[in-house]
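The primary structure of each chain is shown beneath.
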Amino acid sequence: MARFSEAETEEVVQLIGFYTGEKFFGADILSVREILRDPQIKTDREAPDFIAGFVDHRGRLLPVVDLRDRLDPGHSPEAGLPAWLLITSLEETLIGYLVDSVARIMKIAPGAMLPAPELMLAGLRSQYIKGVCKTEFGLLMVADLTRLLEPGEVDALLKLKPV
């Protein structure tokens, strides 16, 4: 485990690592409220296309967006393996992001995050990715959970009233 000076400790970023297929991503732990394993997702044909379904979480229905489709286009999750749900908020609305698996929380030193090379961004929209950093698990692409949805999707999500 790396040691940081007192000044560096104030700037250290904690990331939760997650996978979509073979791709390794991280997100600022402060943007994730909760993590659920193997959520029971219910589909709704009336929901917008970008909504994979809804999960009942503590008596509230939360919309679910499948990050596997968004961050790893063409990836098909393995049948029988549990998925994970990262619960975050978007303008006071809770939303779940579906991923294949979750790694542990990592501390990233100041200056360790570098701009993502264009080759790594192939097939991804670059506004999703803040940068990349090297970890003990390999190269990690840092995703900005607040920018994963298009403005029209955000509007539709905020108007959504699941039943």
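Trainee: Quick one: what's the story with the side chain of Asp66, residue by residue and with numbers?
Mentor: On the secondary structure map, Asp66 appears in strand β6 (residues 60-66). You can call Asp66 buried: its relative accessible area is 13%. A polar contact of 2.9 Å, which involves the side chain of Asp66, links it to the backbone nitrogen of Arg68. If we ignore the near neighbours within four places in the chain, the residues touching Asp66 are Ala52 and Leu98.

Trainee: Describe in detail the nonpolar core, supporting the description with residues and values.
Mentor: What tends to happen in soluble globular proteins is that the nonpolar side chains get buried as a cluster. Phe18, Ile51, Leu67, Tyr97, Leu149 and Leu157 are the most contacted members of the largest nonpolar core, which has 30 residues in total. For this core, the secondary structure elements donating two or more residues are β1 (13-20), β2 (23-28), α2 (67-71), β7 (84-90), β8 (93-99), β10 (129-135), β11 (138-143) and α3 (151-159). Element by element, the count of residues in this core is highest for β8, at three residues. The residues touching Leu67, leaving out its near neighbours within four places in the chain, are Phe18, Thr20, Asp72, Tyr97, Leu98, Val99, Leu145 and Leu148. Judged by nonpolar contacts, the second largest core, of nine residues, contains Val64, Ala83, Leu85 and Leu94.

Trainee: Help me get a handle on the pairing of β10, residues and values and all.
Mentor: Within β10, five of the seven residues are buried, which leaves the element mostly enclosed by the surrounding structure. As paired elements, β10 and β11 share six bridges and run antiparallel to each other. Opposite Lys134, over in β11, you have Leu139 as the bridge partner. Here β10 folds back onto β11, and the loop between the two strands holds two residues.

Trainee: Pulling in residues and values, what's your account of the environment of Gly96?
Mentor: Here Gly96 shows up in strand β8. Exposure remark for Gly96: the relative accessible area of 0% places this residue in the buried category. Note: C-alpha distance between Gly96 and Val64 (32 residues apart in sequence) is 4.6 Å. Look past the residues within four positions of Gly96 in its chain and what remains in contact with it is Pro63, Val64, Val65, Leu85, Leu86 and Ile87.

Trainee: Kindly report on the environment of Leu160, identifying the contributing residues and their values.
Mentor: Along the chain, Leu160 turns up in the segment after α3. Counting along the chain gives 97 residues from Leu160 to Pro63, while the straight-line C-alpha distance between them is 8.6 Å. The contact partners of Leu160, leaving out residues within four places of it in the chain, are Pro48, Ile51, Phe54 and Pro63.

Trainee: I'd like a rundown of unusual backbone geometry, residues and numbers included.
Mentor: In this structure, Asp38 takes a positive phi of about 50 degrees despite not being glycine. Within the secondary structure, Asp38 sits in the loop between β3 (34-37) and β4 (41-42). The backbone of Glu91 shows a phi angle near 50 degrees, a positive value even though the residue is not glycine. With respect to the helices and strands, the residue Glu91 is situated in the loop between β7 and β8.

Criteria and thresholds
- Residues numbered from 1 in each chain as written.
- Predicted model: local features only at pLDDT ≥ 70, side-chain atom pairs only at ≥ 80, totals over all residues.
- Heavy atoms only, no water.
- Helix = DSSP H or I, 4+ residues; strand = E, 2+ residues; numbered from the N terminus.
- Buried < 20%, exposed > 50% of the residue type's maximum accessible area, 1.4 Å probe, protein only.
- Polar contact = N/O pair within 3.5 Å; in protein donor to acceptor, adjacent residues only side chain to side chain.
- Contact = heavy atoms within 4.5 Å.
- Core = buried A, V, L, I, M, F, W, Y, C linked by side-chain atoms within 4.5 Å.
- Pairing = 2+ DSSP bridges.

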